Amino acid sequence: MKLLQLLFIFLSFPLFAQQGGMWIPSLLEGMNETEMTNLGMKMSAADIYNVNNASLKDAVPHFNGGCTSEVISNQGLLLTNHHCGYSQIQSHSTLENDYLQDGFWAMSKKEELPNPGVTATFIVRIEDVTTQVMTGITDAMTEAAKQKKVEENIALVVQNSKKESWQENRVRTFYEGNQYMLFVVETFKDIRLVGAPPSSIGKFGSDTDNWIWPRHTGDFSLFRIYADKNNRPAEYAEDNVPYTPKHFLPISLDGVTENDFTLVFGYPGTTDEYLPSIAIEQVINTVNPARIAIRDAALAIQDKYMRADPQIKIQYASKFARIANYWKKWQGESLGLTKSDAVGIKKQQESALTAQINKQGKQKEYGHILPQFEKYYTEIEPYTLAREYFLETALRNVELLRTAFQSYQLKKVYEARGAQSFEDRRNNLVERLEGQFKDYSKQVDKDVFEALLTIYAEGVPQEFLPDSFKTLNSKAITENIYKNSAFIDYASVKNLLEGDAETVLEKLNNDPGFAIVKEMADAYYEKVAPKYEALELSISGLQRDYMKALLELSPKDARIFPNANSTLRVTYGKVAGYSPVDAVYYEPLTHLEGVIQKYVPGDYEFDVPQKLIDLYNAKDYGQYGENGKMPINFIGTNHTTGGNSGSPAIDAHGNLIGLNFDRVWEGTMSDYYYDPALSRNIMVDIRYVLFIVDKYAGAKNLIAELKLVHPKKGKEKSKKKEKKKKK
Ligand code: ARG
Ligand code: GLU
């Protein structure tokens, strides 16, 4: 067995010795099931996904389109991350009842809080519809004709596939257009907030600890799904009832130790595991450095003001966290790509593929792909760079520019779709801006604007800059705009956007904030976007053919998994530590001791609630502690990405053992290249979640709903019994 495995690894390297993997739950039989069993899984593929009987997939809904969640009681109790429920927790918070700061616990169902707009979407059925979608596609067709036919076929599949009236059919592509799957889904719309720990637990360590191991965060929150009297999806109504799930996850109290099997089930958003080496080089050398430099500047300015002014601290907390999250990730990613030599490894794989293409006489079909990647990526590089600068400056990190850009789009809407569309869009914008300006500081934004304008003018290749930017006096422009533009407070923007389309557009043209964004956007849409989009289209066609070649020419049992696309996936592995640098080994489990070690009284990131300190001092851990210690977080080799937040970590038997919420710094390059030595996902130990609910919050009502099990202790007990019998 061992020898065969070795032989398999040897044979398939270097063409495709891919590690990690996010697998389609309906296709686990065979290779995946064997691997999982070898890792210690005691379930079958049919326990994970089954159309006819309840299975794990029936307990794992997509949470609000971006995160994952899991049902943990027969009354629709739903667990996800604190950072996934953050804006709901925030929206119910007031100065008197600050649930973000103090936590929230519904002690009865009556106290649960509705959240209009929040959804939980279950997968009813998955079907391979590749044949239907590919019908009528021929090699002779142009790229555009193929695209059109595929879209028509998808519309037919969506229309004709069987579903109940309250369900929805969705078709998604896998392997960049080489496979198509139908998802029949069911979306619940009455999702109520049940519980959340204080941020000093749920967000402990905040940005300093984000993407970092060792970690000590209780990143969880609780919701409940409500349904109509027939247990079907319904809009919020007071007399809706708790949803009865087809399946809910039992919770193991036995914890994890190194090498235990783990399975993470969820909705990973996007990965790019099959880019050619030249694309990875551009991520490391061009894309990430530009993004990081821009955010370096924005964050330094925000941080300075936040530290000096508690009001600004509150206003910018969430914006700062959003900008800092990916800023930090990109840095870890670039380091990891370099350290794991992802480019070198991809180059080896490309040589192996070329050899295989030649050996099998496939030059005509696939011989052009790698050279054309070279050509297109070289051509697109300056356009990519200009695009990144534009997006990061005008759309993401300067609030005045973003608002002005949204007004610029109004102009485009009017030109393309007329007065009514303009009206709708404008009203919508004005409504959104009211909330946005509550957290606006002109002073902070002005400094960010000036810094980013300078970086933009220096970073964008000359030929793509607006003409006036070639000699730019950032200081004078900034002073003028932040003195004379209407985009600096709500009342004046509202006023600016009042009137019919013609009037508004005329007023916009006289606004200096609008003028500058118009220059930047015009330059982008005239000089960058057309060429960028044309090259992108060619690259995506190549990427589809490259994927086809890999699927066709790799050994039959090669581990080739489709990139993440926000559909339900299974990833599996084991609990494992790692060595980030020579002489250092990181253990896979953290404990409450570590929270106390990091404790900085009054600090906004590392404060600890007194009640938690008291429980620690008394070692009052109830049934949740282990050997006198309270476990907090653990890491494993599961291949996850953004969107897997809130995903259940499941043991060999199908019980919940943890809650996924992050990845380790050294391993974040796994979106491009998963390195088994360094890539680890971070999970909250489920015992810490229960300890907080029970001992910290006293919400015994919730504990009473759960099904708590002892899969390991049960086994030990029965072993002991057997021994006794034998004696
Ligand atoms: N890094 C995690 C993720 O990508 C957590 C982000 C939320 N926490 C934070 N400190 N920003 O979503
Ligand atoms: N925190 C991420 C999320 O919100 C998960 C971490 C990751 O990117 O792996 O989905």
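So, a few notes on the structure that sits alongside this text. (Residues numbered from 1 in each chain as written. Chains lettered and ligands numbered in written order. Predicted model: local features only at pLDDT ≥ 70, side-chain atom pairs only at ≥ 80, totals over all residues. Heavy atoms only, no water.)

**Points about the sheet that holds strand S2 (residues 67-68)**
The test is simple: Two strands are counted as paired when DSSP detects at least two bridges linking them. Labels follow the DSSP assignment, with helices taken as runs of H or I lasting at least four residues and strands as runs of E lasting at least two, numbered in each case from the N terminus. In what follows, a contact means two residues having at least one pair of non-hydrogen atoms within 4.5 Å. A fitted line through C-alpha atoms serves as each axis, taken over the contacting stretch for helices, and the angle formed by two N-to-C directions is quoted from 0 to 180°.
Reading across from one edge, S2-S1-S7-S9-S8 is the order of the 5 strands in this open sheet, with antiparallel pairing throughout. Both edges of this open sheet fall to S2 and strand S8 (168-174), since each of them pairs with a single strand only. Here 2 bridges tie strand S1 (residues 62-63) to S2, and the two strands are oriented antiparallel to one another. Bridging from a neighbouring strand, Phe 63 pairs with Cys 67 of S2. Set on the sheet, helix H7 (residues 143-160) makes contact with S8 and strand S9 (179-188); between it and S8 the angle comes to about 145 degrees.

**What to know about the site of ligand 1**
So the rule is basically this: Here a residue is considered near a molecule or strand provided that any single heavy atom belonging to it is located within 4 Å of it. Definition of a polar contact: a pair of N or O atoms within 3.5 Å, with one able to donate and the other able to accept a hydrogen when the atoms are protein atoms, and with sequence-neighbouring residues admitted only if both atoms are side-chain atoms. Every accessible area reported is derived by Shrake-Rupley at a probe size of 1.4 Å, with residue values counting cover from the shown protein chains alone.
Inspection of the region around ligand 1 gives His 83, Ser 206, Asp 207, Asn 210, Trp 211, Ala 321, Asn 325, Phe 661 and Asp 662 as its neighbouring residues. In the model, a nitrogen atom of ligand 1 is placed 3.3 Å from a nitrogen or oxygen of the Asp 207 side chain. For ligand 1, a nitrogen atom lies 2.9 Å from a polar atom in the side chain of Asp 662. Here ligand 1, which alone exposes 340 Å², has 86% of that area covered by the protein.

**Details of the state of the cysteines**
Quick reminder of the rule: When the sulfur atoms of two cysteines come within 2.5 Å, that pair is taken as a disulfide. Only protein chains enter the accessibility calculation, which uses a 1.4 Å probe; a residue is then buried when its area is under 20% of its type maximum, exposed when over 50%, and partly exposed in between.
Here the structure, examined in full by the defined rule, presents 1 disulfide. The partner cysteine of Cys 67 in its disulfide is Cys 84, sulfur to sulfur 2.2 Å. In this structure, the disulfide formed by Cys 67 and Cys 84 twists by about -80 degrees around the S-S bond and is classed as left-handed. In this pair, Cys 67 is assigned in strand S2 and Cys 84 in helix H4 (residues 82-91), connecting sequence segments 17 residues apart. Residue Cys 67 is classed as buried on the basis of its relative accessible area of 14%.

**A word on the packing of aromatic side chains**
In this description, an aromatic ring pair is defined by two values, namely the gap between the centres and the angle between the planes. Using the following cut-off: Centres within 6.5 Å are what make two rings of Phe, Tyr or Trp a pair, Trp counting through its six-membered ring; a difference in plane orientation under 30 degrees is then read as stacked, over 60 as edge-to-face, and the rest as tilted.
By the definition in use, this model includes 30 aromatic pairs. Where Phe 204 meets Phe 606, the ring centres are 5.5 Å apart and the plane angle is 90 degrees; that geometry is what we call edge-to-face. Taken together, the residues span a long stretch of sequence, with Phe 204 in the loop between helix H8 (199-202) and helix H9 (206-209) and Phe 606 in the loop between helix H22 (592-598) and helix H23 (610-618) at a distance of 402 residues. Given the relative accessible area of 10%, Phe 606 is considered buried. Taken together, Phe 390, Phe 405, Tyr 408, Phe 514, Tyr 524 and Tyr 525 form an aromatic cluster joined through their ring pairs.

Everything listed is a geometric property; what it means functionally is a separate question.
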